[in-house]
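Below are the chains, spelled out letter by letter.
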Amino acid sequence: MGGSSSTGRGKTKGSSPLAMTPVEEVDISAVRYKPPTLQAPHLTGFSLRAFVWLMESPLLGPLITSFLKSQNNMPQTLQQTVIPERPMYYPEYPPQDTEPGVVLVGEDRHPVERVHEALQYLPYDPSVRWATEEKLPFLYWKIRDFAHAYSSGITTPSVVAEHVIAGVEEWNNKKPPMPMLIYFNADDLRRQAEASTKRFEQGNPMSILDGIFVAIKDDIDCFPYPTKGATTFFDQIHTVEKDAVCVARLRKCGVIFIGKANMHELGLGVTGNNPNYGTARNPHSVDRYTGGSSSGPAALVSLGLCSVAIGTDGGGSVRIPSALCGIVGFKTTYGRTDMTGVLCDSGTVEVASPLTSSVEDAMLVYFAIAGSRPMDKLTLRPSPLCVPNLLSPDNSNILGSVKIGKYTEWFHDVSDREISSTCEDALKLLCNTFGCQIEEIILPELEEMRTAHVVSIGSESFCDLNPHYKAGRRTEFTLDTRTSLALFGSFSSTDYVASQCIRRRIMHYHMEAFKKVDFIATPTTGMTAPKIPPSALKSGESDYVVSAYLMRFIIAGNLLGLPAITVPVGHDKQGLPIGLQLIGRPWGEASLLRVASAVEELCLTKRNRPSTFYDILKS
């Protein structure tokens, strides 16, 4: 992944170990970017099966993992270097200034009240869309288009539900199957839609989200559906007795849940490959991956089969598939949303987040699901929940004062320069339109950040899964999951603590950058959607080099818990979507959404719908 030659590391005299310079003394201006040199084999089929057997061997396994880690400088960074900073076991933020041009929403209010409050500051008028559809650029129907159609009697949730059912079944029956949902019950969907239809007939919808079709990733509890984490067995040991908190908040708003969406098994991968249920396909090119781990959610929204999906993002798992499928993926600050009822709710890098076809829809769903759990309020001290006032006459002036940070050498370290140049064009358009500025920044120790993240998320995942792994369930995981778990299980307590010391260093560098700029901009991914090897469909695939390209720019959002959003800004020569990522200050979701909304509007004509699209509202 991304790397920097760190001026913060040097040898002490004699045979003493390497030592990092205390972070406050590092000369950031002297840092030079060094392209990454990740080394790992690309395996599918028999070679993957043989490699897993070797990795799990009591004798050979430790030798192989030790070799792989040494090839990628992990022992040197984590075990042979003195890191002077104390560990940071979860993100710690300095107090943040009040955001300009925002309105307090109040996270303790009912979700319906919060969504209604947010609506007051959004400019879109759905009645115009219906009156002048052919004159406006049209990609996807927004949440408010559905609400307008329902309240005007144009259609009903029950009618739309039939279109959703037909689309889901069509994709399930393709050869090979391309299932976007792991659990789907057409009769239950009809019951939910009928209840919503009756509320509209009685003139009493629960909220603007009533009758909106939403998919839930299969690692989030949604009663009474099972939660499998895309495994073949996890529902046998994990009983779903109630909704996850984020799901319960959406249910209070009247949404219709279409089922549990497909994903990379247990979220331990970023392609979306899943031999257990079939691999979700990219709607822009069905021979390519959606990205993961929120693969099914991204495909469903991209196809138009639902307006919203809720995924989880611990290593880009919302932003990566959103970028590859040409939609919006919005990751909030760590702790902004209550993670109770999510399989990874005890981790320090993951949040539940929306995937939508527009920034506006991401905004509405965000205000429905946001709200920290009580313990996080004590430890993280979140800033108040705010909505950007996009109707304010000062909105353009606020955008004009924005400073966007760009680490140019890192920005252009992509598989094809077309990706970074497309993102650069979007930033230039933003600056030329509103007068905001691009500032050059440097972010040291990016390679160390990657190492700290993989050890953090790997150790936390392995800790959660180890009891089942030790209880004999190991062979029930997919081969690439077993590869990851064998690696994660080799991390020591020393590795974990050292990674948390690095987390503090990386936080310092980013907070220093935010003294100069308001946002950090990067391409969302270092490559567009990779092709699916036919041999990977049956037994899976392990390709850490591709994974590193996909994860190149996303890790600060997870290791540091910073809010980040991906916005579609164009396509490459093959017609594959390209996403621009904006990373914001801690708790700065409102300002992030303001700028993302402006970028989206400016780049709307550069976006294309996928070749297969379901117009569920007007079918």
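Remember, it's a predicted structure, so these values are computed and weren't measured experimentally.

Draft legend 1. The arrangement of the packing of aromatic side chains in detail. One pass over the full model with this rule turns up 15 aromatic pairs. Look at Phe233 and Phe234: their rings are 6.1 Å apart centre to centre, the planes differ by 55°, and that puts the pair in the tilted class. Overall, Phe233 belongs to the buried group, its relative accessible area being 0%. Ring centres of Phe330 and Tyr366 lie 5.3 Å apart, and the angle between their planes is 80°; this geometry places the pair in the edge-to-face category. Within this pair, whereas Phe330 is found in strand E14 (residues 328–331), its partner Tyr366 is found in helix H13 (residues 359–369), the two being separated by 36 residues in sequence. Through successive ring pairs, a cluster of aromatic residues spans Tyr33, Tyr407, Trp410 and Phe553. It is Lys142 that lies over the ring of Tyr124; its NZ or CZ is 4.2 Å from the centre. A cation over a ring is seen here: Arg609 above Phe613, with NZ or CZ 3.9 Å from the ring centre.

Draft legend 2. Focus on a nonpolar patch on the surface. A cluster of nonpolar side chains, Trp53, Leu59, Leu60 and Leu63, forms an exposed patch at the surface whose accessible area comes to about 500 Å². Judged by its relative accessible area of 70%, Leu59 is exposed.

Draft legend 3. Representation of H13. The buried fraction of H13 is high, at 11 of 11 residues. Looking at H13, one finds that the buried residues are Val359, Glu360, Asp361, Ala362, Met363, Leu364, Val365, Tyr366, Phe367, Ala368 and Ile369.

Draft legend 4. Geometry of the packing of helix H1 (residues 45–55) against helix H2 (residues 60–71). The interhelical angle for the contact between H1 and H2, taken along N-to-C directions, is 105°, at an axis separation of 7 Å. Relative to H2, the element H1 is oriented roughly perpendicular. Across the interface between the two elements, Phe51, Leu54 and Met55 from H1 touch Leu60, Gly61, Ile64, Thr65 and Leu68 from H2. Across the contact of H1 with H2, the residue classes tally to 6 nonpolar, 2 polar and no charged.

Draft legend 5. Spotlight on the pairing of strand E19 (residues 519–523). With 5 of 5 residues buried, E19 is to be regarded as a mostly interior element. As defined by bridge partners, strand E17 (residues 403–406) adjoins E19 across 2 bridges and the pair is classed as parallel. The residue bridging Gly405 from the neighbouring strand is Ile520, located in E19. As judged from the 5 bridges shared by E19 and strand E22 (residues 577–584), these two strands associate in the antiparallel manner. The residue bridging Ala521 from the neighbouring strand is Leu582, located in E22.

Draft legend 6. Main features of the sheet that holds E14. Taken together, 11 strands build an open sheet; the order of strands is E8-E10-E9-E13-E15-E14-E21-E22-E19-E17-E18 and the sheet is mixed. Each having just a single partner strand, strand E8 (181–183) and strand E18 (437–440) make up the two edges of the open sheet. Taken pair by pair, the neighbouring strands of this sheet meet at an average axis angle of 35°, ignoring direction. Relative to strand E15 (residues 351–356), strand E13 (residues 308–313) runs antiparallel, the two sharing 6 bridges. In the strand pairing of E15, Ile310 is matched with Pro354. Lying on the sheet, helix H24 (residues 589–602) is in contact with E14, E19, strand E21 (564–571) and E22; it crosses E21 at an angle near 5°.

Draft legend 7. Seen up close, the pairing of strand E12 (residues 285–289). When strand E11 (residues 281–282) meets E12, the two strands line up antiparallel, connected through 2 bridges. Among the inter-strand pairings, Asn282 is bridged to a residue of E12, identified as Ser285. Counted along the chain from E11 to the antiparallel partner E12, the turn is 2 residues long.

Draft legend 8. Representation of the UniProt feature "domain: Amidase" (unreviewed entry) in the chain within the structure. Look at the UniProt record and you will see "domain: Amidase" (unreviewed entry) annotated at residues 181–593. The span residues 181–593 is 42% helix and 17% strand, and its two end C-alpha atoms sit 29 Å from each other.

Draft legend 9. Structural detail: the environment of Phe330. Judged by relative accessible area, which is 0%, Phe330 ranks as buried. In this structure, Phe330 is in contact with Val318, Ser353, Pro354, Ala362, Tyr366, Ala564, Ile565, Glu589, Leu592 and Leu593, ignoring residues within four places of it in sequence.

Draft legend 10. A look at the pattern of salt bridges. Summed over all chains, the structure comprises 31 salt bridges. Its salt-bridge partner being Glu92, residue Arg504 comes within 3.4 Å of it at the nearest N-O pair. Taken together, the residues span a long stretch of sequence, with Arg504 in helix H20 (residues 493–516) and Glu92 in the loop between strand E6 (81–82) and strand E7 (102–104) at a distance of 412 residues. Relative accessible area serves as the criterion here: at 15%, Arg504 is assigned to the buried category. A salt bridge links Glu418 to Lys573; the nearest nitrogen and oxygen atoms lie 3.8 Å apart. Of this pair, Glu418 sits in helix H17 (residues 417–434) while Lys573 sits in the loop between E21 and E22, placing them 155 residues apart in sequence. Judged by relative accessible area, Glu418 falls into the buried class, the value being 17%. Classification of Lys573 by relative accessible area gives exposed; the value is 75%. Salt bridges linked by common partners bring Glu107, Asp108, Arg336, Lys377 and Glu589 together as one network.

Draft legend 11. Spotlight on the side chain of Glu445. Assignment of secondary structure puts Glu445 in the loop between E18 and helix H18 (446–473). We classify Glu445 as buried; its relative accessible area is 0%. At a separation of 2.9 Å, a polar atom in the side chain of Glu445 contacts the side chain of Arg505.

Draft legend 12. Focus on the nonpolar core. Formed by 175 residues in total, the largest nonpolar core has its most connected members in Leu209, Phe213, Leu250 and Ile310. Grouped together as the second largest cluster of nonpolar side chains are 9 residues, Leu43, Val52, Ile64 and Ala486 included.

Draft legend 13. Spatial organisation of the side chain of Asn262. Within the fold, Asn262 resides in the loop between strand E10 (256–261) and E11. Sequence-distant contacts of Asn262, defined by excluding residues within four places in its chain, comprise Pro179, Met180, Leu181, Ile182, Asn274, Tyr277, Gly278, Ala280, Ser293, Ser295, Gly296 and Pro297.

What counts, and at which threshold
Residues numbered from 1 in each chain as written. Predicted model: local features only at pLDDT ≥ 70, side-chain atom pairs only at ≥ 80, totals over all residues. Heavy atoms only, no water. Phe/Tyr/Trp six-rings, centres within 6.5 Å; stacked < 30°, edge-to-face > 60°. Buried < 20%, exposed > 50% of the residue type's maximum accessible area, 1.4 Å probe, protein only. Helix = DSSP H or I, 4+ residues; strand = E, 2+ residues; numbered from the N terminus. Lys NZ or Arg CZ within 6 Å of the ring centre and 35° of its normal. Patch = residues over 30% accessible without salt bridge, like charges linked within 9 Å, V, L, I, M, F, W, Y side chains within 5 Å. Areas by Shrake-Rupley, 256 points an atom, 1.4 Å probe, with all protein chains shown as cover. Salt bridge = Lys/Arg side-chain N within 4 Å of Asp/Glu carboxyl O. Axes fitted to C-alpha atoms, helices over the stretch in contact; angles between N-to-C directions. Parallel < 35°, antiparallel > 145°, perpendicular 65-115°, else oblique. Contact = heavy atoms within 4.5 Å. Nonpolar A, V, L, I, M, F, W, Y, C, P; charged D, E, K, R; others polar. Pairing = 2+ DSSP bridges. UniProt positions renumbered as here; feature names shortened; annotations may be inferred. Polar contact = N/O pair within 3.5 Å; in protein donor to acceptor, adjacent residues only side chain to side chain. Core = buried A, V, L, I, M, F, W, Y, C linked by side-chain atoms within 4.5 Å.

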